[in-house]
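So you can see what is in the structure, the chains are spelled out below.
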Amino acid sequence: MAKKILICLICILCCSCVSTGRGADKSIIEHQRKLGEYQAAVSYHLGRVDACAARIADIRERADSLTGEIDRVIELFDEYQRAVEQLIREYNTLRDAVEAKNESLYSTLSDSIYNDIDKTDRLLSLLEGD
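Note that the coordinates shown come from a computational prediction; the quantities given were computed from them, not determined experimentally.

(A) The overall build of the chain, seen in detail. Within the chain, the regular secondary structure consists of two helices and zero strands. Each of the 130 residues in the chain was classed as buried or not, and the buried ones make up 4%. Summed over all atoms, the accessible surface of the chain reaches about 11600 Å², with 61% contributed by carbon and sulfur.

Quick look at the structure:
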C-alpha cells in the first residue's frame, strides 16, 4: 500500500503543471523534501513489517519444536498411567492371594479347633463317665 502511495506521489510530481521561475524551484524542492520524507517513512514501516514477519516465523518454529516436546510429555504420562494401572493390578492380585491364603488358613485352623473341641468334649464325657 505504501508503494502505491509512493508511485502516486511520483506521478503527481512528474505530471503536474509547474510554473516557471523561483516559485517553481521552491515548489520542486519542497515536493522533493516531502517525497524524501515519505520514502523514509515507507522504508521505516517496511522494515518494521519485515521484523514482525521474522518474529512470527521464529515463533512458528518454536511452536513446531514444542509440539514434539508436548507429544513426548503426553507419551510419558501415558507410560506413567500404564505403570500405575499395572501396579494396581499387581496389588489386587497379591491382596486376593493373601485373602485366599488367610481364608484357607482360617478354614484349616477352624477345622482343627472344631476337631480339638470334639475330641475335648469326648474326653470330658469319658472322664465324667457319661
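(B) Examining the pattern of salt bridges more closely. In the structure shown here, the tally under the stated rule is seven salt bridges. Put simply, glutamate 30 and arginine 33 hold a salt bridge, and the shortest N to O gap is 2.3 Å. Of this pair, glutamate 30 and arginine 33 both sit in helix H2 (residues 22-128), three residues apart, roughly one helical turn. Given the relative accessible area of 40%, arginine 33 is considered partly exposed. Taking the shortest distance from any N to any O, the salt bridge between arginine 33 and glutamate 37 comes out at 2.3 Å. Taken together, the residues arginine 33 and glutamate 37, both in helix H2 and four residues apart, mark about one turn of the helix. Of the residues examined, glutamate 37 reaches a relative accessible area of 43% and is grouped as partly exposed. Three or more residues joined by partner-sharing salt bridges are found here, namely Glu30, Arg33 and Glu37.

(C) Local environment of a nonpolar patch on the surface. Judged by side-chain polarity, Val73, Phe77, Tyr80, Val84 and Ile88 come together as a nonpolar surface patch covering roughly 490 Å² of accessible area. With respect to the helices and strands, the residue valine 73 is situated in helix H2.

(D) Representation of the environment of valine 42. If you trace the backbone, valine 42 turns up in helix H2. Taking the relative accessible area as the measure of exposure, valine 42 reaches 15% and is therefore buried. A C-alpha to C-alpha distance of 9.3 Å links valine 42 and isoleucine 5, two positions 37 residues apart in sequence.

Rules used throughout
Residues numbered from 1 in each chain as written. Predicted model: local features only at pLDDT ≥ 70, side-chain atom pairs only at ≥ 80, totals over all residues. Heavy atoms only, no water. Helix = DSSP H or I, 4+ residues; strand = E, 2+ residues; numbered from the N terminus. Buried < 20%, exposed > 50% of the residue type's maximum accessible area, 1.4 Å probe, protein only. Areas by Shrake-Rupley, 256 points an atom, 1.4 Å probe, with all protein chains shown as cover. Salt bridge = Lys/Arg side-chain N within 4 Å of Asp/Glu carboxyl O. Patch = residues over 30% accessible without salt bridge, like charges linked within 9 Å, V, L, I, M, F, W, Y side chains within 5 Å.

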